[in-house]
Amino acid sequence: MGAAMRRIHVGNALSAFGLGFTVPYLYVYVAQVRGLGSVTAGLVLAVFAVAALIVLPFAGRAIVRRGPLPVLLVALVTAALGALSLGLSASAATVLLSAAALGAGQAVMQPALATMIVDCSSSETRSRAFATQFFLQNLGLGVGGLIGGHLVDTTNPSSFTLLFAVEAAMFLVLVAVMATVRAPRAPRIEEAPGQAAGGGSWKRLLGNRAMVQLCVLGFVLFFACYGQFESGLSAYGVEAAGISPSTLGTALAANTLVIVVAQFAVLRFVERRRRSRVIAAVGLIWAVAWAVAGYAGLGHGSQAMATAAFISTYALFGLGEAMLSPTLAPLVADLAPTGLAGQYNSAFALVKQLALAIGPAVGGPLGASLHAPYIVAFLLVSLGITVLAVRLGRQLTDVQNQPSLGRSRVVTQGGAPVEAVAAAEA
């Protein structure tokens, strides 16, 4: 791991640490501490998604034209200003504007950091680099949330102002760390004369059938997992399984613990296996997770058994997430032609945000009231992940699907081999 990659990973951990201070308490802060009500709190969460959907298409174009580092620095400063403003806001208008700035900055960070990891890694080291990133993100979120939980006081708004100030400070520390990174320069893509700005790269992306199939698969993955964690699945746990709010926190902690403990053991397992088969296996694991959740809420066991089953559901999701982290992001990078990694990373981040926006809207009402249909629907969705992964495997070259087969081949840093791209787009 080179000096640039070490700084990127330190920056990832710091940003996640800062986010952990505020993410679990955002709803409580807006609705109760500032007294703005549940409607405004819900709008704040929606604003995060809307801001991300607006800025991500432009972020990819900016990363391709300017490089990931300048885009990342602008995003970090924007997020820091949004976080600090949110901690000081007392009216609905300022809270929503602050949330928009924070959400936009956070959204752009993802593809910018992912592109920097691509630029600083090779096809042989990329899976481990993204696995390390995911490990540090979850560790940072967990530690930040734990410390933040000891600092918050719902009767004292200044305690929440402190949390948002810490978050803003972490973003600014990340600015200082990232400003010292000397990443390899990726080639820039110039648009053809008379072509709309960014139009050529988007057209090229949409013409890559493997990437389009991966985006569809990614949407289903995020819809079935992250889109349900704090909406449908938690509502189902409370209403159907009688899970207490404190147990929800324990379940989320179990999810993070599995990721932190299992990440590098899982990495050794997936590195020499076909990526499509790894993703297909995740679909089967998550189908088992939904079946266990079904037992927790629809079975006739004791409350202790229901609680254990519900926590196990989150743990199984964590195992699947640990398998995906060294698989999805490197695959996006390997499908991207030279110089377009930023565009492809932004497109995949956009798909993720769509899933995170639609998932709670669909899963929340189902999980709260239609318990059996909710479980059956998402069990089938998880099995659909397996089917989509197998179909994706047919669109990938052998090296894209299993990079260990091509260790002796020369791969352009930040992009796929020319012949692999041609095969994927044929």
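Our structure is the block above this text.
Everything quoted here is computed from the prediction, not taken from an experiment.

**Q** How would you explain the overall build of the protein chain if you had to name every residue and give the values?
**A** Of the regular secondary structure elements, the protein chain holds 19 helices and zero strands. Across the 426 residues in the protein chain, those meeting the buried criterion constitute 52%. Of all intrachain contacts in the protein chain linking residues separated by at least 6 positions in sequence, the fraction that spans at least 24 positions is 85%. Total accessible area computed for the protein chain in this model is approximately 17200 Å², and 67% of it derives from carbon and sulfur atoms.

**Q** Please give an account of the pattern of salt bridges that cites residues and values.
**A** Pairing is possible between side chains of opposite charge, provided their charged atoms come close. Evaluation of the coordinates by the stated rule reveals four salt bridges. Across the pair Arg128 and Glu271 runs a salt bridge, and its minimum N-O distance is 3.5 Å. One end of the pair, Arg128, is in helix α6 (residues 126-151); the other, Glu271, is in the loop between α12 (245-270) and α13 (275-298), with 143 residues separating them in the sequence. Among the ionic pairs, Arg274 bridges to Asp398, the shortest N-O distance being 3.9 Å. Linking Arg274 in the loop between α12 and α13 with Asp398 in helix α18 (residues 398-401), this pair joins segments that are 124 residues apart in sequence. A network of salt bridges, in which partner residues are shared, links Arg126, Arg275 and Asp334.

**Q** Outline helix α7 (residues 157-178), supporting the account with residue identities and numerical values.
**A** Here α7 spans 32 Å end to end across 22 residues, near enough to the 32 Å set by a 1.5 Å rise per residue. The set of residues buried in α7 consists of Ser159, Phe160, Leu163, Phe164, Glu167, Ala168, Met170, Phe171, Leu174, Val175, Val177 and Met178. Those residues of α7 hidden inside the fold are in contact with α1 (3-22), α2 (26-33), α4 (68-88), α5 (92-119) and α6.

**Q** Before we move on, could you go through a nonpolar patch on the surface and cite the residues and values that matter?
**A** A cluster of nonpolar side chains, Leu139, Val143, Ile147, Leu151 and Leu162, forms an exposed patch at the surface whose accessible area comes to about 370 Å². Broken down by element, the residue count for the nonpolar patch peaks at four residues, all from α6. Along the chain, the position of Leu162 falls in helix α7. On the basis of relative accessible area, Leu162 is assigned to the partly exposed category, the value being 44%.

**Q** How would you explain the environment of Trp290 if you had to name every residue and give the values?
**A** In this fold, Trp290 is placed in helix α13. Through-space distance from the C-alpha of Trp290 to that of Ala224 is 9.9 Å; in sequence the pair is 66 residues apart. Leave out the neighbours within four places in its chain, and Trp290 touches Ala224, Gln228, Leu233, Phe317, Tyr374, Ile375, Phe378, Leu379 and Ser382.

**Q** Pulling in residues and values, what's your account of the side chain of Ser121?
**A** With respect to the helices, strands and loops of the structure, Ser121 is situated in the loop between α5 and α6. Taking relative accessible area as the criterion, Ser121 reaches 1% and is therefore assigned buried. At a separation of 2.7 Å, a polar atom in the side chain of Ser121 contacts the main-chain carbonyl oxygen of Ile117. There is a polar contact of 3.1 Å between the side chain of Ser121 and the side chain of Arg126.

**Q** Give me the lowdown on helix α3 (residues 37-66), citing residues and values where you can.
**A** Spanning 30 residues, α3 covers 42 Å between terminal C-alpha atoms, matching the ideal 44 Å at 1.5 Å per step. The principal kink in α3, of about 35 degrees, is found at Leu56, preceding the proline Pro57 by one to four residues. Gly67 occupies a position one or two residues after α3 and carries a positive phi of about 100 degrees.

Reading the values: the criteria
- Residues numbered from 1 in each chain as written.
- Predicted model: local features only at pLDDT ≥ 70, side-chain atom pairs only at ≥ 80, totals over all residues.
- Heavy atoms only, no water.
- Helix = DSSP H or I, 4+ residues; strand = E, 2+ residues; numbered from the N terminus.
- Buried < 20%, exposed > 50% of the residue type's maximum accessible area, 1.4 Å probe, protein only.
- Contact = heavy atoms within 4.5 Å.
- Areas by Shrake-Rupley, 256 points an atom, 1.4 Å probe, with all protein chains shown as cover.
- Salt bridge = Lys/Arg side-chain N within 4 Å of Asp/Glu carboxyl O.
- Expected span 1.5 Å × (residues − 1).
- Patch = residues over 30% accessible without salt bridge, like charges linked within 9 Å, V, L, I, M, F, W, Y side chains within 5 Å.
- Polar contact = N/O pair within 3.5 Å; in protein donor to acceptor, adjacent residues only side chain to side chain.
- Bend = angle between axes of the 7 residues up to and from the residue.

By themselves these figures say nothing about function.
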